[in-house]
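# A structural walkthrough
So the chains spell out like this:
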Amino acid sequence: MENIRQVIGENLTHLRKNAKLTQLEVADQFGYTDKSISKWEKGDALPDIETLQSICEFYGVDLDYLVTPLSEKDTYKPKRNLQNMPLARKIWVATLLVAFLWLIATIIYVYTYMYTDSGYWMAFIWAIPVSLLALSILCPIYWRSNSTLLFSFITAFIWTTLLSICLETQLAGFNIWVTLLLGIPVQLILIGVFGFISFRPKKHPKK
């Protein structure tokens, strides 16, 4: 039994380091303390079978992998899980994506400025909801459990989109600011949906 614990511990250490995660980050992911993760990796203790299965899904391996000594494995790299990506890299990718969208808006403005009487400055206004939409799509991929962040992005996207529509029509000679009222029922529906999804028992860290 001690040998199995040691093998699983070595594999857990290998997987964590391969994913460039700290023990504290792994602990937060599964609702344990970093001391528990340390005990697992040292072979002093084992997580329950359900947690082991969750760990396998997280790293993209199977249970056989965990009980097979590293020396008996061929060269192996677990499949990439975008949620395993370090926070700094997630922020960098999100920033790069938003910067690219604003680059497109700038190109549109410069092009229209060169070939029309004035630049299409609304390109920068529309870049705001488009950026928020991109972040709303990216959020479930990187931060699946962070419903608050996703709710914030979608809320901001709804209101900035409505505002952009109003500004665009204002430039065309129409006044439809009343369109903003659509945001109220949409916002209430959004609150209801996220409230329903988020209504679940809190998972406390285990020792």
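This section reports on the structure supplied with the text.

The rules behind these values
- Residues numbered from 1 in each chain as written.
- Predicted model: local features only at pLDDT ≥ 70, side-chain atom pairs only at ≥ 80, totals over all residues.
- Heavy atoms only, no water.
- Core = buried A, V, L, I, M, F, W, Y, C linked by side-chain atoms within 4.5 Å.
- Buried < 20%, exposed > 50% of the residue type's maximum accessible area, 1.4 Å probe, protein only.
- Helix = DSSP H or I, 4+ residues; strand = E, 2+ residues; numbered from the N terminus.
- Contact = heavy atoms within 4.5 Å.
- Polar contact = N/O pair within 3.5 Å; in protein donor to acceptor, adjacent residues only side chain to side chain.
- Phe/Tyr/Trp six-rings, centres within 6.5 Å; stacked < 30°, edge-to-face > 60°.
- Patch = residues over 30% accessible without salt bridge, like charges linked within 9 Å, V, L, I, M, F, W, Y side chains within 5 Å.
- Areas by Shrake-Rupley, 256 points an atom, 1.4 Å probe, with all protein chains shown as cover.
- Salt bridge = Lys/Arg side-chain N within 4 Å of Asp/Glu carboxyl O.
- Expected span 1.5 Å × (residues − 1).
- Axes fitted to C-alpha atoms, helices over the stretch in contact; angles between N-to-C directions.
- Left-handed = near helix turned anticlockwise from the far one by under 90°.
- Nonpolar A, V, L, I, M, F, W, Y, C, P; charged D, E, K, R; others polar.

## Digging into the nonpolar core
- Residues Tyr59 and Leu66 are the most contacted members of the largest nonpolar core, which totals 19 residues.
- The element that contributes the greatest number of residues to this core is helix H4 (residues 49-59), accounting for 5 residues.
- When neighbours within four sequence positions are excluded, leucine 66 is seen to be in contact with Val7, Ile8, Asn11, Leu12, Leu15, Leu52 and Cys56.
- Ranked by size, the runner-up nonpolar core spans 12 residues in total, among them Ala94, Leu132, Leu150 and Leu190.

## Let's talk about the environment of threonine 160
- Position of threonine 160 relative to the elements: it lies in helix H8 (residues 147-171).
- Counting along the chain gives 20 residues from threonine 160 to leucine 180, while the straight-line C-alpha distance between them is 9.7 Å.
- Not counting residues up to four positions away in its chain, the partners in contact with threonine 160 are Ile128, Pro129 and Leu132.
- Reaching out from threonine 160, the side chain makes a polar contact with the backbone oxygen of alanine 156 at a distance of 2.6 Å.

## Quick look at the packing of aromatic side chains
- A complete count under the given rule lists 8 aromatic pairs for this structure.
- Measuring from ring centre to ring centre gives 4.8 Å for tyrosine 32 and tryptophan 40, while their planes differ by 70 degrees; the resulting arrangement is edge-to-face.
- Judged by relative accessible area, which is 6%, tryptophan 40 ranks as buried.
- On the basis of an interplanar angle of 50 degrees and a centroid distance of 5.4 Å, the ring pair of tyrosine 109 and phenylalanine 124 is categorised as tilted.

## What about the side chain of threonine 13?
- Tracing the backbone through its elements, the reader meets threonine 13 in helix H1 (residues 2-18).
- In terms of polar contacts, threonine 13 uses its side chain to reach the side chain of glutamate 41, at 3.4 Å.

## Brief notes about helix H3 (residues 34-42)
- Residues of H3 that are buried: Ser36, Ile37, Ser38, Trp40 and Glu41.
- Taken from the residues just after H3, glycine 43 is the one with a positive phi, measuring 85 degrees.

## Structural notes on a nonpolar patch on the surface
- A surface patch of nonpolar side chains, amounting to about 530 Å² of accessible area, comprises Phe100, Leu103, Ile104, Ile107, Ile108 and Tyr120.
- By the element assignment, isoleucine 104 lies in helix H6 (residues 87-115).

## Details of the environment of alanine 105
- With respect to the secondary-structure elements, alanine 105 resides in helix H6.
- For alanine 105, a relative accessible area of 3% corresponds to the buried category.
- Note: C-alpha distance between alanine 105 and alanine 127 (22 residues apart in sequence) is 6.3 Å.

## Here's the deal with H8
- End to end, H8 covers 36 Å across 25 residues, agreeing with the expected 36 Å (1.5 Å per residue, within 8%).
- One or two steps after H8, the chain reaches glycine 173, where phi turns positive at roughly 95 degrees.

## Comments concerning the packing of helix H2 (residues 23-30) against H4
- Viewed as axis vectors pointing N to C, H2 and H4 meet at an angle of 115 degrees, and their least axial separation amounts to 11 Å. The handedness of the crossing between H2 and H4 comes out as right-handed. Contacts between H2 and H4 involve Val26, Gln29 and Phe30 on the former and, on the latter, Ser54, Ile55, Phe58 and Tyr59.
- Classifying every residue of the contact of H2 with H4 gives 5 nonpolar, 2 polar and no charged.

## Quick look at the pattern of salt bridges
- Tallied over the full model, the rule gives 1 salt bridge.
- One salt bridge connects arginine 16 with glutamate 41, and the closest N-O pair in it is separated by 2.5 Å. Here arginine 16, found in helix H1, pairs with glutamate 41, found in helix H3; they are 25 residues apart in sequence, far enough to count as distant.

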